[in-house]
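# Structural characterization, general
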Amino acid sequence: MKTIYKTIYMLTLTTIFSQNTSAQTPVVKGIEHIGITVPDMKTALPFFKDILGFTPVTEIGPFELDDVWREKYKIHSGAQVEKIVSLRAGDGANIELFEYKSPKGNKEVPYGDDLGWNHTAFYTDDINNSVKYLKSKGITVLSDPNVSTAGPTAGESWVYFLAPWGAQFELVSYPNGKAYEKENPQTKLWSPKLAGESFAITSATKVMATIEVEKLLQLHLATWGEKNVEKRTKNFKLIYTEDVNIVDPFFILNGTANLNPFIDDLQKKHPGFKFSLAKPIETHNNIARLFWQFGPESKPDTITGQDVFAIENNKIKSLYIFIDGLKK
């Protein structure tokens, strides 16, 4: 049994790489979990589970560690593992909590300039309400939300808060994206705000009639060609959910707050162009595809592409835009 526990423990500490067989180089697909040593589970679990809303999934321990193991993984002599708990942390990396029984382990929270893990940041759609919530639970928040107004992170708000044992964590929010994203960088930072946008179809989902979906998407297409900002804004409320997720090759929006400037810019760069259907709309189970063309009357298919939609409560919940022949 001791060997089995040691094998499990080793797996929790090891980054698993998938191998690129052609280049023989390790390829990391993403952060699977973040390991955090806590003073005890009685303090830590209520914080992560009841306040932050994370879900405990697995639990192992206690088990002993031998001297060879402790030396190899830099663990103080005499230390033993009391418990390891893994939690699902929303739509981001998992959190893995370690509780040790140790006569020598440092019980002080490290300084921010000490080597090693500094903090973990959690994404929230509404940072002000999240701060109010944390304070209502007795959590220490170190300041009011800080707002970035310049540079590549403009549009981001952040604030630090403390776990009951003093460890620092961060709330971060950028519902309309960050400034650097609008510059069409070759690589964009991953964001958990997109991970929760998947649209689930169940037997209880109310499926919108095909003819109604077609009317909705035709209004969507006409609105992108509308030059009157007030009319567009009015249509946005009819077409999209308040938290609609719009993913274009050049920008990502959560909500429609910054959609008008993009459409205005698109129309200015392509005077005389208009959107039209390239072929019939395809739809099933609140999922739809719209094949569009964009160009002047002399060549209406100057630019072509397709929009893929997820519809919820008779409005567009997610929109993914593809442009034919685009090379980024």
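Quantities reported herein were computed from a predicted structural model and do not represent experimental measurements. Starting from 1, residues in each chain are numbered consecutively following that chain's sequence as written. Reporting in this predicted model follows two pLDDT cut-offs: at least 70 for local features of residues, and 80 or more for side-chain atom pairs to be given and counted; totals over whole chains, interfaces and linings ignore these cut-offs and use all residues. To obtain the side-chain values, all non-hydrogen atoms of the structure were included, while hydrogens and water were left out.

### Section: the overall build of the chain
Secondary structure follows DSSP: runs of H or I at least 4 residues long count as helices, runs of E at least 2 residues long count as strands, and numbering of each begins at the N terminus. Across its full length, the chain holds 8 helices and 17 strands. For every residue, the accessible area obtained with a 1.4 Å probe (protein chains only) is divided by the maximum for its type, and the residue is called buried under 20%, exposed over 50%, and partly exposed between those limits. The proportion of buried residues among the 328 residues of the chain is 34%. Restricting the contact set of the chain to residue pairs at least 6 apart, pairs at least 24 apart contribute 55%. Surface accessibility in these figures is a Shrake-Rupley result with a 1.4 Å probe; residues are shielded only by whichever protein chains are displayed. Here the chain displays about 19,600 Å² of accessible surface, and carbon together with sulfur accounts for 54% of that area. Between two residues, a contact is recorded if the distance between any of their heavy atoms is within 4.5 Å.

### A closer look at the sheet that holds strand β9 (residues 157-162)
Taken together, the 4 strands give an open sheet; going across it, the order is β7-β10-β9-β8, and neighbouring strands pair in mixed fashion. Two strands in the sheet have a free side with no partner beyond their single neighbour: β7 (120-123) and β8 (146-147). Being paired, for any two strands, means DSSP has found at least two bridges between them. One ladder, built from 4 bridges, connects β7 with strand β10 (residues 168-173); its direction is parallel. For tyrosine 123, the partnering residue across the bridge sits in β10 and is valine 172.

### Digging into unusual backbone geometry
Note: most peptide bonds trans; most residues except glycine with negative phi. Cis peptide bonds are those with omega within 30 degrees of zero, and the linkage from glycine 61 to proline 62 qualifies with 5 degrees. If you trace the backbone, proline 62 turns up in the loop between β4 (55-60) and α3 (67-72). Even without a glycine there, the phi angle at lysine 74 is positive, about 55 degrees. Inspection of the secondary structure assignment puts lysine 74 in the loop between α3 and β5 (80-88). Owing to a relative accessible area of 80%, lysine 74 belongs among the exposed residues under this scheme.

### Focus on the sheet that holds strand β3 (residues 33-37)
Spatial ordering of the open sheet is given by β3-β6-β5-β4, a layout of 4 strands whose pairing is mixed. Looking at strand neighbours, the two that pair on one side only are β3 and β4, the edges of this open sheet. Taken pair by pair, the neighbouring strands of this sheet meet at an average axis angle of 25 degrees, ignoring direction. Where β5 and strand β6 (residues 94-101) come together, 7 bridges link them in antiparallel fashion. Its bridge partner lying in β6, glutamine 80 is registered against lysine 101. Each axis is a line fitted through C-alpha atoms, taken for helices only over the stretch in contact, and angles between the N-to-C directions span 0 to 180 degrees. The strands touched by helix α2 (residues 41-51) within the sheet are β3, β4, β5 and β6, with β6 carrying the most contacts at an inclination of about 170 degrees.

### With respect to the packing of aromatic side chains
Pairs were defined over the aromatic rings of Phe, Tyr and Trp, the Trp ring being its six-membered one, requiring ring centres within 6.5 Å. Orientation was assigned from the angle between planes: stacked under 30 degrees, edge-to-face over 60, tilted for the rest. Considering all chains together, one arrives at 20 aromatic pairs under this definition. A ring pair is formed by phenylalanine 122 and phenylalanine 169, whose centres lie 5.8 Å apart and whose planes are at 15 degrees; its orientation type is stacked. Pair noted here: phenylalanine 122 is in strand β7 and phenylalanine 169 is in strand β10, with a separation of 47 residues, a long-range link. Since its relative accessible area comes to 0%, phenylalanine 169 is described here as buried. Centroid distance phenylalanine 236 to tyrosine 240: 5.9 Å. Interplanar angle 50 degrees. Geometry classified as tilted. For the pair phenylalanine 236 and tyrosine 240, a shared accessibility class is recorded, and that class is buried. Within the aromatic cluster, the residues linked to one another by ring pairs are Phe47, Phe48, Phe54, Phe122, Phe161, Trp165 and Phe169. Over a ring means this: the NZ of a Lys or the CZ of an Arg is within 6 Å of the ring centre and within 35 degrees of the ring normal. Sitting over the ring of tyrosine 174, lysine 178 keeps its end group 4.6 Å from the ring centre. One cation-aromatic arrangement involves lysine 279 over phenylalanine 291; the distance from NZ or CZ to the ring centre is 4.1 Å.

### Structural notes on the side chain of aspartate 248
With respect to the helices, strands and loops of the structure, aspartate 248 is situated in strand β11 (residues 240-248). Each residue touching aspartate 248, except ones within four places of it in the same chain, is listed here: Phe262 and Ile321.

### Here we look at the environment of threonine 256
Examined against the element boundaries, threonine 256 turns out to sit in the loop between β12 (251-254) and α8 (259-269). On the basis of relative accessible area, threonine 256 is assigned to the partly exposed category, the value being 24%. A sequence separation of 23 residues divides threonine 256 from threonine 233, and the C-alpha atoms of the two residues are 8.5 Å apart.

### A word on the confidence of the model for the chain
What pLDDT expresses is the predictor's confidence in each residue, scored from 0 to 100. Residues at a pLDDT of 70 or more form 88% of the chain, whose mean pLDDT is 86. Contacts for the low-pLDDT stretch residues 1-24, under 50 throughout, to residues beyond four places or in other chains number 35 contacts.

### Quick notes on the pairing of β6
Where β3 and β6 come together, 5 bridges link them in parallel fashion. Each bridged residue has a counterpart across the sheet, and for glycine 35 the counterpart in β6 is glutamate 96. The hairpin formed by β5 and β6 contains 5 residues between the paired strands, and glycine 90 there has a positive phi angle of roughly 60 degrees.

### Points about the side chain of glutamate 96
Mapped onto the elements, glutamate 96 comes out in strand β6. In this count, Lys and Arg are taken as positive residues and Asp and Glu as negative ones, while His and the chain termini are left out. Salt bridge, as used here: a side-chain nitrogen of Lys or Arg that lies within 4 Å of a carboxyl oxygen of Asp or Glu. With no salt bridge to any partner, buried glutamate 96 finds its closest opposite charge in lysine 83, at an N-O distance of 14 Å. In terms of polar contacts, glutamate 96 uses its side chain to reach the side chain of histidine 33, at 3.0 Å. Polar contact criterion, stated in full: a pair of N or O atoms within 3.5 Å, where within protein one must be able to donate a hydrogen and the other to accept it, and residues adjacent in sequence count only if both atoms are side-chain atoms.

### Here's the deal with α8
Because the α-helix completes a turn every 3.6 residues, residues three or four places apart line up on one side. Along α8, the residues classified as buried are Leu259, Asn260, Ile263, Leu266 and Gln267. End-on view of α8: buried residues confined to an arc of 125 degrees, all on one side of the axis. Facing away from the buried side of α8 by over 90 degrees, the exposed positions are Lys268 and Lys269. If you follow the buried residues of α8, they end up packed against α6 (210-225), α7 (229-239), β11, β12, β13 (274-277) and β15 (287-295). In this description, the arc belongs to the directions extending from the helix axis to the C-beta atoms.

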